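Here's the letter readout for the chains.
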Amino acid sequence: MEKLNKAISATQDFGPAYHIGASYFLKLNQYEGNFDDLWKYHIKGILEEYVRGNPRKEEVMTKFKSAYSDGTTE
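All of the points below concern the structure found in this document.

Calculation rules
Residues numbered from 1 in each chain as written. Predicted model: local features only at pLDDT ≥ 70, side-chain atom pairs only at ≥ 80, totals over all residues. Heavy atoms only, no water. Helix = DSSP H or I, 4+ residues; strand = E, 2+ residues; numbered from the N terminus. Rg over C-alpha atoms; globule rule 2.2 N^0.38 Å. Buried < 20%, exposed > 50% of the residue type's maximum accessible area, 1.4 Å probe, protein only. Contact = heavy atoms within 4.5 Å. Salt bridge = Lys/Arg side-chain N within 4 Å of Asp/Glu carboxyl O. Core = buried A, V, L, I, M, F, W, Y, C linked by side-chain atoms within 4.5 Å.

This part covers the overall build of the protein chain. Scanning the protein chain from N- to C-terminus turns up four helices and zero strands. Against the compact-globule benchmark of 11 Å for 74 residues, the protein chain has a radius of gyration of 12 Å, which places it among compact chains. Reported as C-alpha extents along the three principal axes, the dimensions of the protein chain are approximately 35 × 20 × 20 Å. Burial analysis of the protein chain (74 residues in total) assigns 30% to the buried set. Within the protein chain, contacts between residues at least 6 apart in sequence are counted, and of these 41% link residues at least 24 apart.

Right, let's get into the pattern of salt bridges. If charged atoms from side chains of opposite charge come close, those side chains can pair. All chains considered together, the criterion is met by three salt bridges. Residue Arg52 is joined to Glu49 by a salt bridge in which the shortest nitrogen-to-oxygen separation is 2.2 Å.

Quick look at the nonpolar core now. Formed by 17 residues in total, the largest nonpolar core has its most connected members in Leu4, Ile43, Leu47 and Phe64. Taken together, the elements giving at least two residues each to this core come down to helix H1 (2-9), helix H3 (35-51) and helix H4 (57-70). What Leu47 contacts, discounting residues up to four positions off in sequence, is Leu4, Ile8, Ile20, Trp39, Met61 and Phe64.

Take a look at the structure:
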């Protein structure tokens, strides 16, 4: 969560108001701890709403997915 939120804050026009809260990660129990399903069914959608209309949408989403998946923000 921290690494994803760091990537969100490092993105132009985003800040703490766009952070993903801990409540999203409580849903991991529904998916038996499968982080990929959590991304697919909960987190990805809200982040796509955040970047809708951004001409760099694909680049930004790739950055967010990378931070979520392996903790990198580059």
